[in-house]
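# Per-entry structural report
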Amino acid sequence: MARVVVTHPLPPGSLEALASHEVVAPQPGEAIAGDRLRAELAQAEGLVCMLTDRVDRALLGAAPRLRVVANVAVGYDNIDLVAAAERGVAVCNTPGVLDETTADLAFALLLAASRRLWEAETDVRAGRWSGFGFMQYLGQDVHGKTLGIVGYGRIGRAVARRARGFSMEALHHARRPTGEPGYVADLDDLLARSDVVSLHVPLTAETRHLMDGRRLALLRPTAVLVNTSRGQVVDEEALALALEQGRLFAAGLDVYEHEPSVHPRLLAAPHTVLLPHVGSATVATRTAMARMAAEAVRAVLAGEMPPNLVPPTV
Ligand code: DGY
């Protein structure tokens, strides 16, 4: 029986795959972090963690028996893959099970930002709505517009399917040609041609500040930017400035450079919808993610190769 540490509470029943192991999990509303996490990891062979847990070289050094880290997320930029590979620790993520849910949220942001739903709803609640106004809350149409999808993996494709249902033309950019209709080889070209841009790239050294001041300046003044990937893909300072100066119409953001802090200028920027990293937050999807992570730990500890193993980085 191996010891498996789970850093955060998970949906009921999602750790069934680990029934034959000793599972150390926090009480509801708590987390296992800091010194307690290091102490628990001293004897642990498995770790089930969140994107908010920094699994760096130092933490891995405190876990001499660790064989597998399962991140309950599709992104794994919180894990030092090189240090894990050097120690022979397998790293797993949760691809596939959150694509449609995250694409739904990206589309919700696309609609909310384009149609200024946050401002309108906030005014109604605050008693500031004085009645129908022909010139009030004028947004941007979504139908008939061009959606530029940056990153064309599973989630990007799921967003493209939704775009067709909303009578949008979907273009996409990826590092390698996809051979599919709508592929645009040059990112700058895609940005200049799009009415709405939705980001679906993982956070890597290459994608950090992919949307910097120069690229944001390529967007149309009527454009809408949606980010459900990772906050660091966008230079928030540059985005806030562009919104303040009306150099793009709106932004719908679910992720931030320094979560849970949100850049103060973004909080005050016009036409901005801000969500607290809820892309995959449905009961069914979060349960599926947690189950997938637990199953990956079971598999590695049983000497099997889980399908969601992140390729080791050396
Ligand atoms: C992920 O999985 O990486 C998301 O950011 C959270 O679901």
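Summary of the structure given here. (Residues numbered from 1 in each chain as written. Predicted model: local features only at pLDDT ≥ 70, side-chain atom pairs only at ≥ 80, totals over all residues. Heavy atoms only, no water.)

With that settled, the discussion passes to the pattern of salt bridges. Working definition: two side chains of opposite charge can pair if their charged atoms are close together. Summed over all chains, the structure comprises 26 salt bridges. For Glu121, the salt bridge identified is with Arg125, shortest N-O distance 2.8 Å. Of the two residues, Glu121 and Arg125 are both situated in helix α5 (residues 117–125); the distance of four residues between them amounts to about one turn of the helix. When its relative accessible area of 37% is taken as the criterion, Glu121 is described as partly exposed. You can call Arg125 exposed: its relative accessible area is 68%. A salt bridge links Asp188 to Arg215, with the shortest nitrogen-to-oxygen separation between them at 2.9 Å. Highlighted residues: Asp188 in helix α7 (residues 187–193) and Arg215 in helix α8 (residues 213–216), separated in sequence by 27 residues. Through salt bridges with shared partners, one network takes in Arg3, Glu22, Arg36 and Glu40. (Salt bridge = Lys/Arg side-chain N within 4 Å of Asp/Glu carboxyl O. Helix = DSSP H or I, 4+ residues; strand = E, 2+ residues; numbered from the N terminus. Buried < 20%, exposed > 50% of the residue type's maximum accessible area, 1.4 Å probe, protein only.)

A few words on the packing of aromatic side chains. By convention here, two paired aromatic rings are described through the distance between centres and the angle between planes. What the rule picks out here adds up to one aromatic pair. Pairing Phe107 with Phe166 gives two aromatic rings, centres 4.8 Å apart and planes at 35 degrees, and the pair type is tilted. With Phe107 in helix α4 (residues 99–114) and Phe166 in the loop between α6 (154–165) and β7 (169–173), this residue pair connects regions lying 59 residues apart in the sequence. Taking relative accessible area as the criterion, Phe166 reaches 38% and is therefore assigned partly exposed. (Phe/Tyr/Trp six-rings, centres within 6.5 Å; stacked < 30°, edge-to-face > 60°.)

This model, assessed by the stated rule, comprises two cavities of 30 Å³ or more. Approximately 50 Å³ is the volume found for the largest cavity. Along its surface, the largest cavity is lined by Ser114, Gln140, Asp141, Lys145, Asp195, Val196, Thr222 and Val224. Residues of the lining of the largest cavity, tallied by class, amount to two nonpolar, three polar and three charged. A volume near 30 Å³ is recorded for the second largest cavity. Lining the second largest cavity we find Ala112, Ala113, Arg116, Leu117, Trp118, Glu119, His271, Thr272 and Val273. When residues of the lining of the second largest cavity are traced back to their parent elements, those giving at least two are α4, α5 and β11 (272–274). (1 Å grid on protein atoms, 1.4 Å probe; cavity = no way out; pocket = protein on both sides within 12 Å on 5 of 7 lines; lining within 4 Å. Points joined across faces, edges and corners; volume = space filled by probe spheres on them. Nonpolar A, V, L, I, M, F, W, Y, C, P; charged D, E, K, R; others polar.)

Let's shift gears to the pairing of strand β6 (residues 146–150). By the criterion of burial, β6 is predominantly enclosed, with five of the five residues buried. Residues of β6 alternate between two faces, with Thr146, Gly148 and Val150 on one and Leu147 and Ile149 on the opposite face, all of them buried. In this sheet, β7 lies alongside β6 in parallel orientation, the contact comprising five bridges. Bridge assignment links Gly148 to a residue of β7, and that residue is Leu171. Once the chain exits β6 it traverses α6 before rejoining the sheet at β7, and the crossover so formed is right-handed. In the sheet, β6 pairs with strand β8 (residues 196–199) via four bridges, with the strands oriented parallel. Each residue of the ladder has a partner; that of Gly148, found in β8, is Val197. (Pairing = 2+ DSSP bridges. Right-handed = clockwise from strand over helix to strand, strands pointing away.)

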